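# Coordinates in review
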Amino acid sequence: MRLLVLLSIAFALALSAAEPIPVLVKTSPKDKGKTYPTLTVVHVQGFTPQNELPKLSTYGGDLSRKTDARGFFYAKKEGERWWLVDPEGYDFIHVAVCSVTPAHGSPKTTEAFTSKFGSEAKWAAATSELLHANGFNGSGAWSNDAVMKAAPQRVVYCPIWNLMSAYGKKRGGTVQKPGHTGYPNDAIFVFDPDFELFAMEHAKQLVATKDDPWLLGHFSDNELPFYRKSLDKFLALEKDDYGYKGAKAWLDQRGGDAKKISDDEREAFLGYIIDRYFSVCAKAIKMHDPNHLYLGSRFHSDEKKIAAAFQAAGKHLDVVSVNLYHQWTPDFEQLANWVKWSGKPFMITEFYAKGEDSGMANTTGAGWLVKTQRERGLFYQNFSMGLLESKGCVGWHYFKYLDNDPENTKVDPSNRDSNKGILTACFEPWTDMLKLMREVNVNVYGLISHTDKGGRIH
């Protein structure tokens, strides 16, 4: 009997060594109610997680990996692994949170802010401390960078400048859509002769921070409508529109027929407008700030599956930014294609899960809907560890700092009533989720070493 027990234990241990044992997380019935295998730090075979905050460089880089210091961030490839390198020359992964800002959208949030902090300076200090304590080293788009600079412990930041959407607002014709700006017939104004002049003028703002080593890089826009059928949409514009004229000239030059557009033509045209857009923005950004990275416009739609889009991006960007939803575990083939097509690393600049236990309606936004804050944290672990395993990812930005405040009706329609934040709308931390986020964040460099030495996560 004793022998049988010992054999059973040995067999179980052999199985556990061969295959990770995932947690099963079921999304809400409101979100299809599917069950997803979910791997956490403790499931990584042969890896011993650390609980203490590691000793890092000034900016949060890995002290065990030193290379050339250039005084500003840059990207490099070492073997199969892409890295950012911090201003001191240490390899770096940007682990950040979007929209780090002291929102004052309603009396409720204003009262909570006043009660907890009393001033923006105290808010910045407390927020920076919270981020660092949970293993984050940066902030993403739509953060109050000017206020956060005053914090005793700074974070690495990356502003968004809205070159196309700001031009559209000035030009006229744009509308607010959930999550991003809408354009007539989903056709951005990339053929307008005034866009290049506007971008160059608008980018003069970048001069103010061009010498700041804490600045990672710049986003030019968010979620532009780069759709597979963009050519069809441009050709459906009025014939005196610059967009129509530009698309028609492109098609005529190829000898194409507007009544019989092929998929190859659609993909080639998408690459063409992306190339045109990024060339204008890169020129403006680098003219006024030659020191920092150009991070793109946060791809989000059809372009994620189209080689021509990433080939165009790779010509002008230092890092390709992608907002990635509807994937519980990252699609490893897709991630590999992005690097292969562009020749550049990528950052995931939006992803999140919402919890039903928050008491919020959770009817807005694209992120997953799960039952609990713990399950939000489990999703974060599974997803972010997949990004680390891909070798092409140089960072991720969780969306976002604060929950939506339903009382604030002036915000983007996608940000009305959902539990997206690492804090409530009244600045209270979601501790069950943050605990699990921290478990991954403090082990980022260790997990990379593990995978680069042949270990696996998923």
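Look up: the structure comes first, before these words.
Notes on the structure in this doc start here. Worth saying up front: this structure is predicted, and the values here are computed from it rather than measured.

### Considerations on the sheet that holds strand β3 (residues 74-78)
- Here three strands make up an open sheet; going across it, the order is β3-β4-β5 and the pairing antiparallel. The open sheet has two edge strands with one neighbour each: β3 and β5 (91-92).
- Across five bridges, the pairing between β3 and strand β4 (residues 81-85) is antiparallel. From the neighbouring strand, tyrosine 74 faces β4, where its bridge partner is valine 85.
- Helix α14 (residues 444-452) contacts β4 and β5 of the sheet and is inclined by roughly 150° relative to β4.

### Things to note about α14
- In terms of residue burial, α14 counts as a mostly covered element, since seven of its nine residues are buried.
- Where α14 is concerned, the buried positions are Val444, Tyr445, Leu447, Ile448, Ser449, His450 and Thr451.
- Packed against the buried residues of α14 are β4, β5, β6 (94-97), α12 (373-390), β16 (393-398) and α13 (431-441).
- Looking one or two residues beyond α14, the residue adopting positive phi is glycine 454, at roughly 105°.

### Brief notes about the side chain of serine 28
- Along the chain, serine 28 turns up in the loop between β1 (23-26) and β2 (35-38).
- When neighbours within four sequence positions are excluded, serine 28 is seen to be in contact with Gly33, Glu356, Leu369 and Val370.

### What to know about the nonpolar core
- Residues Trp123, Met164, Phe234, Tyr277, Ile348, Trp396 and Ile422 are the most contacted members of the largest nonpolar core, which totals 131 residues.
- Top contributing element to this core by residue count: helix α9 (residues 263-288), with eleven residues.
- Once residues lying within four places of it in the same chain are set aside, the contact partners of methionine 164 are Tyr183, Ile188, Phe189, Val190, Phe195, Ser220, Asp221, Leu224 and Tyr277.

### Let's talk about the environment of threonine 40
- Note on placement: threonine 40 falls in the loop between β2 and β3.
- Each C-alpha atom, one on threonine 40 and one on histidine 450, is 14 Å from the other, the two residues being 410 residues apart in sequence.
- Here threonine 40 is in contact with Val23, Leu378, Gln381 and Met385, once residues within four sequence places are set aside.

### Details of the environment of cysteine 98
- With respect to the element layout, cysteine 98 can be found in the loop between β6 and α2 (107-116).
- On the basis of relative accessible area, cysteine 98 is assigned to the buried category, the value being 0%.
- The residues touching cysteine 98, leaving out its near neighbours within four places in the chain, are Gly140, Ala141, Ser143, Arg298, Thr349, Glu350, His397, Tyr398, Phe399, Lys400 and Tyr401.

### Structural notes on the layout of surface pockets
- Counted as a void, the largest pocket has a volume near 1000 Å³.
- Lining the largest pocket are 42 residues, with Gly179, Phe399, Asp412, Ser414 and Asn415 sitting closest to its centre.
- A breakdown of the residues in the lining of the largest pocket according to their chemical character gives 13 nonpolar, 19 polar and ten charged.
- The calculated volume of the second largest pocket comes to roughly 470 Å³.

### With respect to the packing of aromatic side chains
- Per the stated rule, a full pass over the model turns up 42 aromatic pairs.
- Judged by centre distance (5.8 Å) and plane angle (85°), the rings of phenylalanine 191 and phenylalanine 234 are edge-to-face. Taken together, the residues span a long stretch of sequence, with phenylalanine 191 in the loop between β9 (180-182) and α6 (193-202) and phenylalanine 234 in helix α7 (residues 230-235) at a distance of 43 residues. Phenylalanine 234 matches phenylalanine 191 in its accessibility class, with the two residues each being buried.
- Ring centres of phenylalanine 351 and tyrosine 398 lie 5.4 Å apart, and the angle between their planes is 90°; this geometry places the pair in the edge-to-face category. In this pair, phenylalanine 351 is assigned in the loop between β13 (346-350) and β14 (353-355) and tyrosine 398 in strand β16, connecting sequence segments 47 residues apart. Each member of the pair phenylalanine 351 and tyrosine 398 is classed as buried.
- Stacked on the ring of phenylalanine 189, the Lys or Arg arginine 171 has its end atom at 3.8 Å from the ring centre.
- Its end group placed over the ring of phenylalanine 219, arginine 298 keeps NZ or CZ at 5.0 Å from the ring centre.

Cut-offs and rules
- Residues numbered from 1 in each chain as written.
- Predicted model: local features only at pLDDT ≥ 70, side-chain atom pairs only at ≥ 80, totals over all residues.
- Heavy atoms only, no water.
- Pairing = 2+ DSSP bridges.
- Helix = DSSP H or I, 4+ residues; strand = E, 2+ residues; numbered from the N terminus.
- Contact = heavy atoms within 4.5 Å.
- Axes fitted to C-alpha atoms, helices over the stretch in contact; angles between N-to-C directions.
- Buried < 20%, exposed > 50% of the residue type's maximum accessible area, 1.4 Å probe, protein only.
- Core = buried A, V, L, I, M, F, W, Y, C linked by side-chain atoms within 4.5 Å.
- 1 Å grid on protein atoms, 1.4 Å probe; cavity = no way out; pocket = protein on both sides within 12 Å on 5 of 7 lines; lining within 4 Å.
- Points joined across faces, edges and corners; volume = space filled by probe spheres on them.
- Nonpolar A, V, L, I, M, F, W, Y, C, P; charged D, E, K, R; others polar.
- Phe/Tyr/Trp six-rings, centres within 6.5 Å; stacked < 30°, edge-to-face > 60°.
- Lys NZ or Arg CZ within 6 Å of the ring centre and 35° of its normal.

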